[in-house]
Amino acid sequence: MKKNEIRQEAEQVILHTYNRYPVVLDKGEGVYLYDIEGKKYLDFAAGIAVQALGYHYAGYDEALKEQIDKLTHISNLYYSVPMEEAAAKLIKASGMSKVFFTNSGTEAIEGALKAARRYSYNKYGEGRHEIIAMEHSFHGRSMGALSVTGTEKYQVPFRPLVGGVRFAAYNDLESVKEQLSRKTCAIILETVQGEGGIYPATREFLEGIRTLCQEQDLVLILDEIQCGMGRTGYMFAWQEYGVEPDIMTCAKALGCGVPVGAFVLNERLAGASLAPGDHGTTYGGNPFVCGAVSKVLDIFEKDNIVAHVGEISAYLTEKLDALVEEYDCIAGRRGKGLIQGLVIQGRPVAEIVLKSLEEGLIVITAGSDVLRLVPPLVIEREHVDEMLEKLKRALDAVL
Ligand SMILES: *Cc1c(COP(=O)(O)O)cnc(C)c1O
């Protein structure tokens, strides 16, 4: 079948909740994707920050295939070696205490919110249930996660949402304090806001939030679903700030392509929140996905992926800053490591994304006016150069 036939057929059977780009992807290799017509694309989106190791990284496929031949699913009523190993490695990488595996990011958020409320309920009883979340945040599409997602257009058609959520301005500690009450139990934020437009937390803000949480016995939930797993040049973005959360959520690159998420608790929360019967999942953390997580964390350690991000992102940001100088339509750059956003002015950012596709470059948007770059963490200088060449051609074409 040809590209347009497949698009048409897909639109007949798949619920139209996405305006998909006019590309039918077929296979990947390294940091490149190929469509069904054989056209090659340099991938600077990585399946929305999922494919941290690119495609077919050495040893990854083999580990998954081996696990498929042994066992893919058993439910959470039993132990498995992959789950034990994946959790132990995640604990080692984070320095935190306990893991609960989920199937997605939004489910990790649901679990984190429940754990926070459970902690407060255990200690203070009913009524201390409020959660402070941030404007322009993104935490997922299920009802709980949507309730803490600070974007009106995502929320309005689905009200009433989960109650007891108040919104504050990101990077504005005073605004958070204004939302604080005797009923507050938790604060949730992304260490680097992703979908909302690539805004890293300032050090003062994150440290201030941590202090506030300590003083008021609030649960600090840091959403590391997009910015974690090495993307900022640290294994988890909060490690750069030295501000440890009480609960961290992970997903996206955690399994590098298999659907898996997790919420990870520190000792304080692990010992005093969710207990048997409080939370569960049928698929979550099955041997197949945990085999992937375990292999991914091995590769990160063995091949120094995080150190590589530090090096290559220095090169990338230098080049991006030069681009900001060169093009009037780029108002600025925001980001850390390999989560970067270019603020576009004067033209719709979608137009640049589409032109880039034509040029053989995959990039995506964030917020209303940001071109988002979240490439595989394994890109090299030559890929940065190739990206710039293609992006410049796309920019020249739309101006
Ligand atoms: C993608 C994302 C989520 C939601 O993850 P899903 O796997 O799509 O449910 C939550 N938080 C952040 C920061 C994200 O980037």
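In every chain, residue numbers begin from 1 and rise along the written sequence. Only residues with pLDDT of 70 or above have their local features reported here, since the model is predicted, and side-chain atom pairs are shown and tallied only from 80 upward, although totals for entire chains, interfaces and linings are computed over all residues. Side-chain measures here rest on the full set of heavy atoms in the structure, leaving out hydrogens and waters.

A. Expanded view of the domain arrangement of the chain. In terms of domain boundaries, the chain breaks down into domain 1 (3-57 + 304-398) and domain 2 (71-302). Between domain 1 and domain 2, the residue contacts involve 27 residues of the former and 27 residues of the latter. Between domain 1 and domain 2 lies a buried interface of about 2300 Å² when both sides are counted; carbon and sulfur atoms form 63% of it. Salt-bridge detection follows one rule: a side-chain nitrogen of Lys or Arg within 4 Å of a carboxyl oxygen of Asp or Glu. One can count two salt bridges joining domain 1 with domain 2. One salt bridge connects E240 with K336, and the closest N-O pair in it is separated by 3.3 Å. As used in this structure description, the phrase polar contact means that two N or O atoms lie within 3.5 Å; if the pair is within protein, one of them must be able to donate a hydrogen and the other to accept it, and residues adjacent in sequence are counted only when both atoms belong to side chains. On the surface where domain 1 and domain 2 come into contact, there are twelve residue pairs in polar contact (both at pLDDT 80 or more). When residues in the side of domain 1 that touches domain 2 are grouped by element, the largest group, four residues, is from helix α13 (residues 305-326). Note on residue categories: nonpolar means Ala, Val, Leu, Ile, Met, Phe, Trp, Tyr, Cys or Pro, charged means Asp, Glu, Lys or Arg, and polar means any other residue, Gly included. Residue composition of the side of domain 1 that touches domain 2, by class: 16 nonpolar, eight polar and three charged. All the domain ranges listed were derived from an automatic or database domain assignment. Contacts are assigned to residue pairs that have any heavy atoms within 4.5 Å of one another. Two parts placed together each lose some accessible area under a 1.4 Å probe, and the buried area is that loss summed for both. Counting from the N terminus, the helices are the DSSP runs of H or I reaching at least four residues and the strands are the DSSP runs of E reaching at least two.

B. Fine view of the pattern of salt bridges. Throughout the structure, instances matching the rule amount to 20 salt bridges. For D278, the salt bridge identified is with R118, shortest N-O distance 2.8 Å. Taken together, the residues span a long stretch of sequence, with D278 in the loop between α11 (267-270) and α12 (287-302) and R118 in helix α5 (residues 105-124) at a distance of 160 residues. Note on exposure labels: buried denotes an accessible area under 20% of the residue type's maximum, exposed denotes more than 50%, and partly exposed covers the range between, all computed with a 1.4 Å probe on protein chains only. The class of D278 is partly exposed, set by a relative accessible area of 21%. On the basis of relative accessibility, which here comes to 26%, the residue R118 falls in the partly exposed class.

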